[in-house]
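The residues making up each chain are set out below.
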Protein chains: 2
Amino acid sequence: MSTLLTLPAKSAPAAVAKVPSAVTRLTLLDTAERLFAERGIDGTSVRDITKAAAANVSAVNYHFGGKDGLVEAVFFRRLAPLNDRRLTRLEAAIKHAGASPVPLEDILDAFIRPSVDELRTGGYTNHFLRLMGRCLQEPNPKLETFLVGVFAEVVGTFNPHFVRALPGLPTGELFWRTSFMFGTLHHALYTWSRFETCQFASMSGMPQTTRLTGEQLVRSLIRYAAAGMRAPFGSEDPLPS
Amino acid sequence: MSTLLTLPAKSAPAAVAKVPSAVTRLTLLDTAERLFAERGIDGTSVRDITKAAAANVSAVNYHFGGKDGLVEAVFFRRLAPLNDRRLTRLEAAIKHAGASPVPLEDILDAFIRPSVDELRTGGYTNHFLRLMGRCLQEPNPKLETFLVGVFAEVVGTFNPHFVRALPGLPTGELFWRTSFMFGTLHHALYTWSRFETCQFASMSGMPQTTRLTGEQLVRSLIRYAAAGMRAPFGSEDPLPS
DNA sequence: GCCGATTTCAAACGTTTGTTTGAACGGTGT
DNA sequence: ACACCGTTCAAACAAACGTTTGAAATCGGC
């Protein structure tokens with residue numbers, strides 16, 4: 001339930017030189033992250049994980065209290081610093097803007113860049129990027145409430161600045177455009193992170209120019225999302241049937 | 001493998017008055033669609049399906065040759081007419097445009113509208129919409145190759161018209177913007193179709209103005225995607241750090 | 001009313017799932 | 001040397017998994 005980061009038993013006294021080995025714990029987290037990204041959570045058994053991690057089957061239950069605890073730990077390990085980065089970058093953009101509204105591109109940069117950039121540079125592999133692109137649609141209900149809670153603070157902090165940066169846009173429309181931006185980001189992460197072996201690359205004879213660096217992907221995403229969120233709203237020309 | 005729509009045994013002779021009952025088959029497809037959307041494919045057992053459908057456990061194997069066959073049938077039943085609709089609408093837009101390039105909004109309309117609109121009006125429930133939003137990220141490899149094959153024709157047909165409608169846009173950038181549009185659409189379908197019971201609605205105190213009709217969602221999506229795909233491309237002002 | 005084909009059914013198949021158990025291991029402090 | 005604590009391990013647990021089986025039930029055509 002609420003035992004998100006509580007280590008297994010490890011009675012808290014003398015908490016100085018803690019985490020004696022924790023190598024098995026880390027290996028389990030890494031391999032679980034990789035396998036979850038490749039086969040999904042339900043498609044990965046604890047035996048798959050422990051076998052790939054060269055650990056015992058019961059290690060998952062010992063270190064994480066069960067498979068559910070491992071799932072939460074896998075996501076929490078990445079999501080917490082990711083969202084910290086987002087908030088930090090937004091703070092910087094707010095300070096840089098002074099009293100005037102934060103430019104839309106800066107808000108999007110603070111939101112998007114950590115997903116693509118910081119996650120990779122911190123010794124992270126591409127596996128969590130694939131997992132990120134999928135996480136919102138994982139059917140695990142516990143995970144869903146957990147993710148919603150983690151994201152709530154971020155969205156709540158970003159939303160007022162979107163409102164200021166896009167004056168005149170109705171609240172409902174802004175909600176949906178934010179959701180569109182979310183979907184754009186997640187699908188792009190999923191596609192980009194697995195592009196090396198992606199079957200979609202052969203869909204329409206795609207050339208090699210589709211390979212992007214992380215920085216290029218960030219810029220493309222911001223360009224696309226900024227233009228989309230700034231799209232004129234109102235009863236313009238009706239669409240043809 | 002390639003037995004996508006082949007009925008179980010049913011030796012083909014006297015193929016006139018076929019499909020004697022097929023009520024069990026249809027019930028299984030409907031309930032499987034619903035449960036797949038709610039719990040994911042791996043999270044749904046054949047016993048869950050057959051129990052909810054008031055059928056026998058072996059019915060899945062009899063009618064579809066196994067769970068994999070059922071999965072393919074669930075997707076194929078919706079995807080085939082959906083993509084037919086897309087191609088038909090694109091044809092109409094091409095004819096309407098004459099020799100000039102098809103307007104970007106018309107291309108997007110032909111691509112997006114069937115997903116939101118036609119799928120619902122044809123007696124479809126919302127369940128496949130949720131499944132649609134998730135299908136590209138289902139870890140089932142067989143399903144993936146199947147979906148890629150189904151979508152290949154559509155993408156191959158739409159791409160040349162995107163090229164004409166967006167002159168000057170590099171091929172690589174166009175690929176990614178198309179992918180962005182794809183992600184936008186799928187995430188929007190997922191969010192919109194489950195909005196009634198969606199936890200995201202409570203994330204930032206969203207008002208009731210976020211409820212959209214299908215038509216409103218289509219127009220919002222087209223506005224957003226059109227603006228995003230038309231975003232200026234080049235080495236403009238560098239983003240702030 | 002009977003026959004052959006089609007469909008349903010209860011029961012069981014072997015495998016895999018997540019989890020638990022209790023003993024053995026490997027350090028550290030005394 | 002001893003006891004202690006955190007960790008690992010092989011073995012087993014009941015439950016659920018997809019699938020198979022062979023016998024009933026159902027139906028249409030003659």
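In case you missed it, the structure is sitting above this.
The following refers to the structure shown. (Residues numbered from 1 in each chain as written. Chains lettered and ligands numbered in written order. Predicted model: local features only at pLDDT ≥ 70, side-chain atom pairs only at ≥ 80, totals over all residues. Heavy atoms only, no water.)

Some points on the overall build of chain A
Then step 1. When you go through chain A residue by residue, the secondary structure sums to 9 helices and 0 strands.
Then step 2. Going from the N terminus to the C terminus, chain A shows its helices and strands as α-α-α-α-α-α-α-α-α.
Then step 3. In chain A, the proportion of contacts linking residues at least 24 apart, taken out of those at least 6 apart, comes to 75%.
Then step 4. Carbon and sulfur atoms form 57% of the exposed surface of chain A, whose accessible area is close to 10700 Å². (Helix = DSSP H or I, 4+ residues; strand = E, 2+ residues; numbered from the N terminus. Contact = heavy atoms within 4.5 Å. Areas by Shrake-Rupley, 256 points an atom, 1.4 Å probe, with all protein chains shown as cover.)

Here we look at the protein's contact with DNA strand C
Then step 1. Lining the immediate surroundings of DNA strand C are 17 residues, of which A:Arg47, A:Lys67, B:Thr24, B:Tyr62 and B:His63 lie closest.
Then step 2. Sugar plus phosphate: this is where 46% of the atoms of DNA strand C within 4 Å of the protein reside.
Then step 3. A distance of 3.3 Å is found between a phosphate oxygen of DNA strand C and a side-chain nitrogen or oxygen belonging to A:Ser45.
Then step 4. Elements with a contribution of two residues or more to the surface near DNA strand C: α2 (46-52) of chain A together with α3 (59-64) of chain B.
Then step 5. Partitioned by chemical class, the residues of the surface near DNA strand C number 4 nonpolar, 9 polar and 4 charged. (Near = heavy atom within 4 Å. Polar contact = N/O pair within 3.5 Å; in protein donor to acceptor, adjacent residues only side chain to side chain. Nonpolar A, V, L, I, M, F, W, Y, C, P; charged D, E, K, R; others polar.)

Topic: the packing of helix α8 (residues 171-193) of chain A against helix α9 (residues 214-229) of chain B
Think of two packed helices as two axes; the pair is described by the angle between the axes and how far apart they sit.
Then step 1. Two elements in contact, α8(A) and α9(B), have axes separated by 11 Å at closest approach and are oriented at 60°. One finds that α8(A) runs oblique with respect to α9(B). Where α8(A) crosses over α9(B), the handedness of that crossing is right-handed. Taken together, the residues of α9(B) that come into contact with α8(A) (itself represented by A:Glu173, A:Trp176, A:Arg177, A:Phe180, A:Met181 and A:Thr184) are B:Leu217, B:Ser220, B:Leu221, B:Arg223 and B:Tyr224.
Then step 2. A per-class count over the contact of α8(A) with α9(B) returns 6 nonpolar, 2 polar and 3 charged. (Axes fitted to C-alpha atoms, helices over the stretch in contact; angles between N-to-C directions. Parallel < 35°, antiparallel > 145°, perpendicular 65-115°, else oblique. Left-handed = near helix turned anticlockwise from the far one by under 90°.)

Describing helix α4 (residues 67-97) of chain A
Residues and elements named next belong to chain A.
Then step 1. Along its 31 residues, α4 runs 45 Å from first to last C-alpha, staying within 8% of the 45 Å computed at 1.5 Å per residue.
Then step 2. Phe76 marks where α4 bends most, by close to 30°.
Then step 3. Positive phi appears at Gly98, one or two residues downstream of α4, with a value of about 70°. (Expected span 1.5 Å × (residues − 1). Bend = angle between axes of the 7 residues up to and from the residue.)

A closer look at the protein's contact with DNA strand D
Then step 1. Neighbouring DNA strand D are 18 residues; A:Thr24, A:His63, B:Val46, B:Arg47 and B:Lys67 lie closest to it.
Then step 2. The sugar and phosphate moieties of DNA strand D supply 46% of its atoms located within 4 Å of the protein.
Then step 3. Here a phosphate oxygen of DNA strand D and a side-chain polar atom of A:His63 are 2.8 Å apart.
Then step 4. Here a base nitrogen of DNA strand D sits 2.6 Å away from a polar atom, N or O, in the side chain of B:Arg47.
Then step 5. Where the surface near DNA strand D is concerned, the elements lending two or more residues are α3 (59-64) of chain A together with α2 (46-52) of chain B.
Then step 6. Each residue belonging to the surface near DNA strand D can be placed in one class, and the counts come to 4 nonpolar, 10 polar and 4 charged.

Notes on the environment of B:Leu26
Residue and element names in this part refer to chain B.
Then step 1. With respect to the element layout, Leu26 can be found in helix α1 (residues 23-39).
Then step 2. Overall, Leu26 belongs to the partly exposed group, its relative accessible area being 46%.
Then step 3. In sequence terms Leu26 and Val74 are 48 residues apart; their C-alpha atoms lie 9.9 Å from each other. (Buried < 20%, exposed > 50% of the residue type's maximum accessible area, 1.4 Å probe, protein only.)

Points about the nonpolar core
Then step 1. Counting residues in each nonpolar core, the largest one holds 136 residues, and the members touching the most others are A:Phe75, A:Leu108, B:Phe75 and B:Leu108.
Then step 2. If we ignore the near neighbours within four places in the chain, the residues touching B:Phe75 are B:Ile41, B:Phe128, B:Leu131, B:Cys135, B:Leu143, B:Phe146 and B:Leu147. (Core = buried A, V, L, I, M, F, W, Y, C linked by side-chain atoms within 4.5 Å.)

A closer look at helix α7 (residues 141-165) of chain B
Then step 1. Over its 25 residues, α7(B) extends 34 Å from the first C-alpha to the last, a length consistent with the 36 Å expected when each residue adds 1.5 Å.
Then step 2. Where α7(B) bends most, the angle comes to about 35°, and this point is B:Phe151.

Some words on the side chain of A:Ser115
All names here are of chain A.
Then step 1. The residue Ser115 is located in helix α5 (residues 104-121) in this model.
Then step 2. A polar contact of 2.7 Å, which involves the side chain of Ser115, links it to the side chain of Arg86.
Then step 3. Excluding anything up to four places from it in sequence, Ser115 contacts Leu82, Arg86, Leu129, Leu185 and Leu189.

A word on the packing of aromatic side chains
Then step 1. This structure, assessed with the given rule, holds 11 aromatic pairs over all chains.
Then step 2. Measuring from centroid to centroid gives 5.2 Å for A:Phe111 and A:Phe158, while their planes differ by 80°, and the two rings are edge-to-face. Of this pair, A:Phe111 sits in helix α5 while A:Phe158 sits in helix α7 (residues 141-165), and the two are 47 residues apart along the sequence. Note on accessibility: A:Phe111 and A:Phe158 belong to one class, buried.
Then step 3. On the basis of an interplanar angle of 50° and a centroid distance of 5.6 Å, the ring pair of B:Phe111 and B:Phe182 is categorised as tilted. With a gap of 71 residues between them, B:Phe111 in helix α5 (residues 104-121) and B:Phe182 in helix α8 (residues 171-193) connect regions that are remote in the sequence.
Then step 4. For B:Phe111, a relative accessible area of 3% puts it in the buried group.
Then step 5. Members of the aromatic cluster, connected to one another through ring pairs, are A:Phe175, A:Trp176, A:Phe180, A:Tyr224, B:Phe175, B:Trp176, B:Phe180 and B:Tyr224. (Phe/Tyr/Trp six-rings, centres within 6.5 Å; stacked < 30°, edge-to-face > 60°.)

Quick look at the pattern of salt bridges
A pair can form between side chains of opposite charge whenever their charged atoms are brought close.
Then step 1. Taken as a whole and judged by the stated rule, the model has 22 salt bridges over all chains.
Then step 2. A salt bridge links B:Glu215 to B:Arg219, with the nearest nitrogen and oxygen atoms 2.8 Å apart. Note that B:Glu215 and B:Arg219 are positioned in helix α9 at a spacing of 4 residues, about one turn of the helix.
Then step 3. Judged by relative accessible area, which is 31%, B:Glu215 ranks as partly exposed.
Then step 4. Salt bridges sharing common partners tie together A:Arg89, A:Asp109, A:Arg113, A:Glu215 and A:Arg219. (Salt bridge = Lys/Arg side-chain N within 4 Å of Asp/Glu carboxyl O.)

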